[in-house]
Amino acid sequence: AASVFSLSICSDNFISILFFANCNKPNTEVMELVELLKTEKIIASYFQGNKISVLLDEVDQSNNYQNLLKIATDEDLIYLTDNEYPIIRCIAFKGLNSRNNTRIREILYNHKNDNSEVECSNGACLTNQIKVKEFMLEQLNPETTSKYRFSLEKFDSITKIYEKE
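Residue numbers run consecutively from 1 along every chain, following the written order of its sequence. Local features in this predicted model are restricted to residues of pLDDT 70 or higher, and side-chain atom pairs are both shown and tallied only at a pLDDT of 80 or more, whereas totals for entire chains, interfaces and linings draw on every residue. No hydrogens and no water enter the side-chain calculation; it runs on all heavy atoms of the structure.

**What to know about the overall build of the protein**
Okay, step 1: Labels follow the DSSP assignment, with helices taken as runs of H or I lasting at least four residues and strands as runs of E lasting at least two, numbered in each case from the N terminus. Summing up its helical and strand segments, the protein has nine helices and four strands in all.
Okay, step 2: From first element to last, N terminus to C terminus, the protein shows the α and β order α-α-α-β-β-α-α-α-α-β-β-α-α.
Okay, step 3: The contact criterion used is simple: two residues touch if any of their non-hydrogen atoms lie within 4.5 Å. The long-range share in the protein, meaning contacts at least 24 apart out of those at least 6 apart in sequence, stands at 60%.

**Observations regarding the packing of helix α3 (residues 28–37) against helix α4 (residues 63–71)**
Okay, step 1: Note on method: axes are straight lines fitted to C-alpha atoms, helices fitted across the in-contact stretch only, with angles between N-to-C directions ranging 0 to 180 degrees. Two numbers describe how α3 lies on α4: the axes approach to 10 Å, and their chain directions differ by 155°. Taken together, the axes of α3 and α4 are roughly antiparallel relative to one another. Judged by the twist between their axes, the crossing of α3 over α4 is left-handed. Only N64, Y65, N67, L68 and I71 of α4 make contact with α3, whose side of the interface consists of E29, V30, L33, L36 and L37.
Okay, step 2: Tallied by class, the residues present in the contact of α3 with α4 amount to seven nonpolar, two polar and one charged. Throughout, the term roughly parallel applies to angles under 35 degrees, roughly antiparallel to angles over 145, roughly perpendicular to angles from 65 to 115, and oblique to all others. Each crossing is labelled by how the near helix is turned from the far one, with a counterclockwise turn of less than a right angle marking it left-handed and a clockwise turn marking it right-handed. Side-chain classes are defined by residue name, with Ala, Val, Leu, Ile, Met, Phe, Trp, Tyr, Cys and Pro counting as nonpolar, Asp, Glu, Lys and Arg as charged, and the others, Gly among them, as polar.

**Quick notes on the nonpolar core**
Okay, step 1: Here, nonpolar core means buried Ala, Val, Leu, Ile, Met, Phe, Trp, Tyr and Cys residues that are tied together by side-chain atoms lying within 4.5 Å of each other. The classification of residues rests on relative accessible area computed with a 1.4 Å probe and restricted to protein chains. Under 20% of the type maximum is buried, over 50% is exposed, and intermediate values are partly exposed. Grouped together as the largest cluster of nonpolar side chains are 34 residues, with contacts concentrated most on L68, L80 and L108.
Okay, step 2: Of all the elements in the fold, those that place two or more residues in this core are α3, α4, α5 (74–80), α6 (86–98), α7 (104–110), α8 (132–138) and α9 (152–164).
Okay, step 3: When residues of this core are assigned to their parent elements, the largest contribution, seven residues, is made by α6.

**Remarks on α3**
Okay, step 1: Where α3 is concerned, the buried positions are V30, M31, L33, V34 and L37. Seen from one end, α3 has its buried residues packed into an arc of 155°, which puts them on one side. Turned more than 90 degrees away from the buried face of α3, the exposed residues are T28 and E32.
Okay, step 2: Of the surrounding elements, those touching the buried residues of α3 are α4, α5 and α6. Here the arc refers to the directions that run from the helix axis out to each C-beta atom.

**Re the packing of aromatic side chains**
Okay, step 1: Ring pairs shown here join Phe, Tyr and Trp side chains whose ring centres sit within 6.5 Å, with only the six-membered ring taken for Trp; geometry is labelled stacked below 30 degrees between planes, edge-to-face above 60, and tilted in between. This model, assessed by the stated rule, comprises one aromatic pair.
Okay, step 2: Between Y109 and F150 the ring centres are 6.4 Å apart and the planes differ by 50°, which places this aromatic pair in the tilted class. With Y109 in helix α7 and F150 in the loop between α8 and α9, this pair connects stretches of sequence that are 41 residues apart.
Okay, step 3: Overall, the relative accessible area of 34% leaves Y109 in the partly exposed class.
Okay, step 4: For F150, a relative accessible area of 3% corresponds to the buried category.
Okay, step 5: A ring is scored as having a charge over it whenever the NZ atom of a lysine or the CZ atom of an arginine sits within 6 Å of its centre and within 35 degrees of its normal. The positively charged end of K133 is found above the aromatic ring belonging to Y162, 5.5 Å away from the centroid.

**Side note on the pattern of salt bridges**
Opposite charge on two side chains makes pairing possible when the charged atoms of those side chains draw close.
Okay, step 1: By salt bridge we mean one thing: a side-chain nitrogen of Lys or Arg within 4 Å of a carboxyl oxygen of Asp or Glu. Under the defined criterion, the tally for this structure stands at two salt bridges.
Okay, step 2: A salt bridge links D74 to R99; the nearest nitrogen and oxygen atoms lie 2.7 Å apart. In this pair, D74 is assigned in helix α5 and R99 in the loop between α6 and α7, connecting sequence segments 25 residues apart.
Okay, step 3: According to the relative accessible area criterion, R99 is partly exposed, its value standing at 27%.
Okay, step 4: Of the charged contacts, one joins R89 and D114 as a salt bridge, the two residues approaching to 2.8 Å between their closest N and O atoms.

**Here's the deal with unusual backbone geometry**
The phi angle of most residues is negative, glycine excepted, and most peptide bonds adopt the trans form.
Okay, step 1: Located in the positive-phi region is N100, a residue other than glycine, with phi close to 55°.
Okay, step 2: With respect to the element layout, N100 can be found in the loop between α6 and α7.
Okay, step 3: With a relative accessible area of 33%, N100 lands in the partly exposed category.

By themselves these figures say nothing about function.
Structural data, given as structure tokens:
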């Protein structure tokens, strides 16, 4: 059955509704891993004022994340980018980016108003919050190896736009 969750989550973004309306809910095995991943934390390598500069996350080392990537299809991950839990949206986006999914920038733009926050840590005692849209944008930072990373100019211009919203 086609999902209708995006209608309520993205009602102000018609493109997003069309894009996600045909995604089916992932199978039980994927959803069980999602339940386990809700407790993952994002690890920031360092903070620059209130802005996170480079994101290295513990999720990469997580067996649950690795298992999710093994069994989830791209369609599953696209569906999960609209999950009710911000951390799941981030993890799904990260997974799609690692697969060089051609829709990664479209998904980023669909989340331009996603101001939900996830907890970040430097791995020790410092914690901070990062917005989902900022996490997603950071995955396409010009210093990353992402196939769809932005040029420095484009990254800076999107960052400025996101900071205003």
